[in-house]
Amino acid sequence: MEQELFARAPIPRAYFKMALPVVLSMLVSLVYNMVDTWFIAQTQYTALVAGVSLCAPMFTLMVAMGDIFGLGGSSLISRLLGQGEEKRVRHVSAFCSYGAIVWGVLVGALMLIFRQPILHLLGASSDTMDSAMAYYSYLALGAPAIIFTLVPSNILRTEGMAVASMVGSITGTVVNIILDPIFIFGLNMGAGGAALATVLSNVVSAVLLIVLLVAKSQRLSVRPGDCSVQGTELREILVIGVPASITNLMQSFAMALTNRFLLPYGTENVAALGIALKVNMIVMLIMVGFAFGAQPLLGYNYGANNRERLRDILKFDVLVQLVFSVVMTVVFLIFAPQIIRIFMSDSGVIQAGSRILRCMVITMPLMGIILVCTTLFQAAGKAMPAFLLSISRQGVALLICMVVLSAVFGFYGVILAQAAADVVSVILALVLLKRSNILK
């Protein structure tokens, strides 16, 4: 079935059949993130909102850790399916599943051991420490489930089962939405309740995804007996998974860096940043959904050496990203104050949040191009270009832009730094694409 879809179906049909379930999963996750922020903001306690915002990089960190096996494994599996290597697919999929569980236990343990210094590094102060500590602690305990969930949700799509992946992700998100008000208000757990709801929803999602994989997959495996890979296969998982992980780690770095640079401007601005980041995910998650929905198509056709179809898929992917990002950028630029007001009525937070949000979205079309190039490099197993992009946009380029622009323009320099880094990174992405010869 996946051969017909991946190799011969009309590109718009194949693209949307793979991408739309991922986008829908992202939309439901978006609803959760918006509802989660809304529930927390309803306390009208700025320090609590700021405390949870400070911990957001840690959740991104765990997603990054899951990407090592989720995206690294799915990239290799897509190419193996294109080459007809079904036995190797079983071994790689089982290895990634158990590798993620072990890795999750280790990450959670380290987070708990170094809890205090990490929270100080994130910028927690006397005002925000209690909320940040509660949220952080539950996330650390749930690290194995959060990290593991990324594996089946990614590898299911390599066999064309994007809908099954969507069902697993959406079910977990719905559970999260239901549990949020119960834990935050009903049990009076505050920030800790929001984190506990997130952890439990990931447990539900992980269990359902495994059930779907066992019931529906013909080539993937989670059997312990299949858990073995060759040295070359492990290397191929890691050379893509680690850069993909670093991409998300850089998101954590970017959030933590921006928080630190905004601290001198007051807790109000940190809270505004947290809300603006959540709102910005409306565009970002959908764009990521399209990009990663197309990744199995890119990997399969690269593995099958079908360069003409690979180029056509890439062109269509860029077109979808640009049209969507331009439309959403215009909407956010016009309605930024009204959007921020949905979450908090504080006039200072609305004003600051509107400025931050507008600065975030002005280069969103460039982000679309960066996403397409990144997923292409990952799908093709090109480690170095993927790595360079992963440390650019929200890493090295952002740090340089943040230091320089904040020194020159103060508050506006801080919130414009990401846009400047996007310009630098899209230039790098296009140069790397031209030099990679992937499309020739």
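Throughout this document, residue positions are counted from 1 along each chain, in the order its sequence is written. The predicted nature of this model means local features are confined to residues of pLDDT at least 70 and side-chain atom pairs, given and counted, to a pLDDT of 80 or more, with totals for whole chains, interfaces and linings taken over all residues. Only hydrogens and water are set aside; all other atoms, that is, all heavy atoms of the structure, feed into the side-chain values.

Overview of the overall build of the protein chain
Elements are defined by DSSP. Helices are runs of H or I of four residues or more, strands are runs of E of two residues or more, and each kind is numbered from the N terminus. Tallying secondary structure elements over the protein chain gives 17 helices and 0 strands in all. Against the globule reference of 22 Å for 440 residues, the protein chain gives a C-alpha radius of gyration of 21 Å, in line with a compact fold. With a 1.4 Å probe rolled over the protein chains alone, any residue whose accessible area is under 20% of its type maximum counts as buried; one over 50% counts as exposed, and the rest are partly exposed. Residues counted as buried form 61% of the 440 residues belonging to the protein chain. At a minimum sequence separation of 6, the contacts of the protein chain that also span at least 24 residues come to 83%. Here, Shrake-Rupley sampling with a 1.4 Å probe gives the accessible areas, and only protein chains in the shown set may cover a residue. For the protein chain, the exposed area adds up to about 16,800 Å²; of that, 69% sits on carbon and sulfur atoms. When charges are tallied, Lys and Arg are placed among the positive residues and Asp and Glu among the negative ones, while His and the ends of the chain are skipped. To locate a charge, the coordinates of NZ of Lys, CZ of Arg, CG of Asp or CD of Glu are taken. Charge-centre separation for the protein chain: the mean point of 27 positive side chains lies 7 Å from the mean point of 19 negative side chains. Taken over C-alpha atoms, the radius of gyration is set against a globule rule of 2.2 Å times the number of residues to the power 0.38. Contact between two residues is taken to exist if any of their heavy atoms lie within 4.5 Å; hydrogens are not considered.

As for helix H17 (residues 411–436)
Its 26 residues give H17 an end-to-end C-alpha distance of 38 Å, which sits within 8% of 38 Å, the value for a rise of 1.5 Å per residue. Two residues or fewer after H17 comes Asn-437, characterised by a positive phi angle close to 60 degrees. An expected span of 1.5 Å times one less than the residue number is assigned to each helix.

Digging into the environment of Leu-200
Tracing the backbone through its elements, the reader meets Leu-200 in helix H9 (residues 190–216). The spacing of Leu-200 and Leu-213 is 13 residues in sequence and 20 Å in space, taken between C-alpha atoms. Dropping the residues within four chain positions of it, Leu-200 is found in contact with Leu-179 and Phe-183.

Details of the confidence of the model for the protein chain
You can read pLDDT as the predictor saying how much it trusts each residue, on a scale of 0 to 100. Averaged over all residues, the pLDDT of the protein chain equals 82, while 92% of them reach at least 70. No element of the protein chain has a lower mean pLDDT than helix H1 (residues 2–8), which averages 69, and none a higher one than helix H12 (residues 307–341), which averages 90.

What to know about the packing of helix H14 (residues 364–379) against helix H15 (residues 383–390)
Only the contacting stretch of a helix is used when fitting its axis, a line to C-alpha atoms as for every element, and angles between N-to-C directions run 0 to 180 degrees. Across the interface, H14 lies against H15 with an axial gap of 8 Å and an inter-helix angle of 145 degrees. Seen along the crossing, H14 lies across H15 with a hand that is left-handed. Residues Ile-370, Cys-373, Thr-374, Phe-377 and Gln-378 of H14 pack against Pro-385, Ala-386 and Leu-389 of H15. When grouped by side-chain class, the residues that make up the contact of H14 with H15 number 6 nonpolar, 2 polar and no charged. Throughout, a crossing is termed right-handed when the near helix is turned clockwise from the far one, and left-handed when it is turned anticlockwise from it by less than a right angle. Three classes are used, and their members are as follows: Ala, Val, Leu, Ile, Met, Phe, Trp, Tyr, Cys and Pro are nonpolar, Asp, Glu, Lys and Arg are charged, and the others, Gly among them, are polar.

So, the packing of aromatic side chains
A pair of aromatic rings is counted whenever rings of Phe, Tyr or Trp (Trp by its six-membered ring) have centres within 6.5 Å, and the orientation is called stacked for planes under 30 degrees apart, edge-to-face for over 60 and tilted otherwise. For the structure shown, the criterion picks out 7 aromatic pairs. Taking the centre distance of 6.1 Å and the plane angle of 15 degrees together, the rings of Tyr-15 and Phe-290 count as stacked. Pair noted here: Tyr-15 is in helix H2 (residues 11–41) and Phe-290 is in helix H11 (residues 267–303), with a separation of 275 residues, a long-range link. An angle of 85 degrees between the planes, with centres 5.5 Å apart, marks the rings of Phe-16 and Phe-316 as edge-to-face. Linking Phe-16 in helix H2 with Phe-316 in helix H12, this pair joins segments that are 300 residues apart in sequence. By relative accessible area, Phe-316 is classed as buried at 19%.

Some words on the nonpolar core
Buried Ala, Val, Leu, Ile, Met, Phe, Trp, Tyr and Cys residues that are joined via side-chain atoms within 4.5 Å together make up what is termed a nonpolar core. Residues Tyr-135, Leu-220, Val-279, Phe-332, Ile-356 and Leu-357 are the most contacted members of the largest nonpolar core, which totals 133 residues. Sorting elements by how many residues they give to this core places H11 first, with 20 residues. Setting aside anything within four residues of it in sequence, one finds Ile-356 in contact with Leu-262, Asn-269, Ala-272, Leu-273, Ala-276, Phe-411 and Ile-415.

Concerning the environment of Leu-322
Structurally, Leu-322 can be placed in helix H12. Classification of Leu-322 as partly exposed rests on a relative accessible area of 29%. Separated by 45 residues in sequence, Leu-322 and Met-367 have C-alpha atoms that sit 9.1 Å apart. Sequence-distant contacts of Leu-322, that is, excluding residues within four places in its chain, are made with Pro-365 and Ile-369.

Some points on the pattern of salt bridges
It is possible for side chains bearing opposite charge to pair when their charged atoms get close. The salt bridge criterion pairs a side-chain nitrogen of Lys or Arg with a carboxyl oxygen of Asp or Glu, the two atoms within 4 Å. Evaluated as defined, the whole model comprises 6 salt bridges. In this structure, the salt-bridge partner of Arg-79 is Glu-236, at a minimum N-O distance of 3.1 Å. Separated by 157 residues along the polypeptide, Arg-79 in helix H3 (residues 46–83) and Glu-236 in helix H10 (residues 231–262) bring together distant segments of the chain. Judged by relative accessible area, which is 7%, Arg-79 ranks as buried. When the shortest N-O distance is used, the salt bridge between Arg-219 and Glu-86 registers 3.2 Å. Here Arg-219, found in the loop between H9 and H10, pairs with Glu-86, found in helix H4 (residues 86–113); they are 133 residues apart in sequence, far enough to count as distant. A residue is classified by how much of its surface remains accessible, and Arg-219, at 15% relative accessible area, is buried.

Side note on the packing of helix H5 (residues 115–122) against helix H6 (residues 129–141)
With their axes 11 Å apart at the nearest point, H5 and H6 run at an angle of 125 degrees to one another. Classed by the angle they form, the pair H5 and H6 counts as oblique. As H5 packs across H6, the resulting crossing turns out to be right-handed. When H5 is examined against H6, the residues Arg-115, Gln-116, Ile-118, Leu-119 and His-120 are found in contact with a partner set consisting of Met-129, Ala-132, Met-133, Tyr-136 and Ser-137. Considered class by class, the residues forming the contact of H5 with H6 number 6 nonpolar, 3 polar and 1 charged. Angle categories: roughly parallel below 35 degrees, roughly antiparallel above 145, roughly perpendicular from 65 to 115, and oblique for all the rest.

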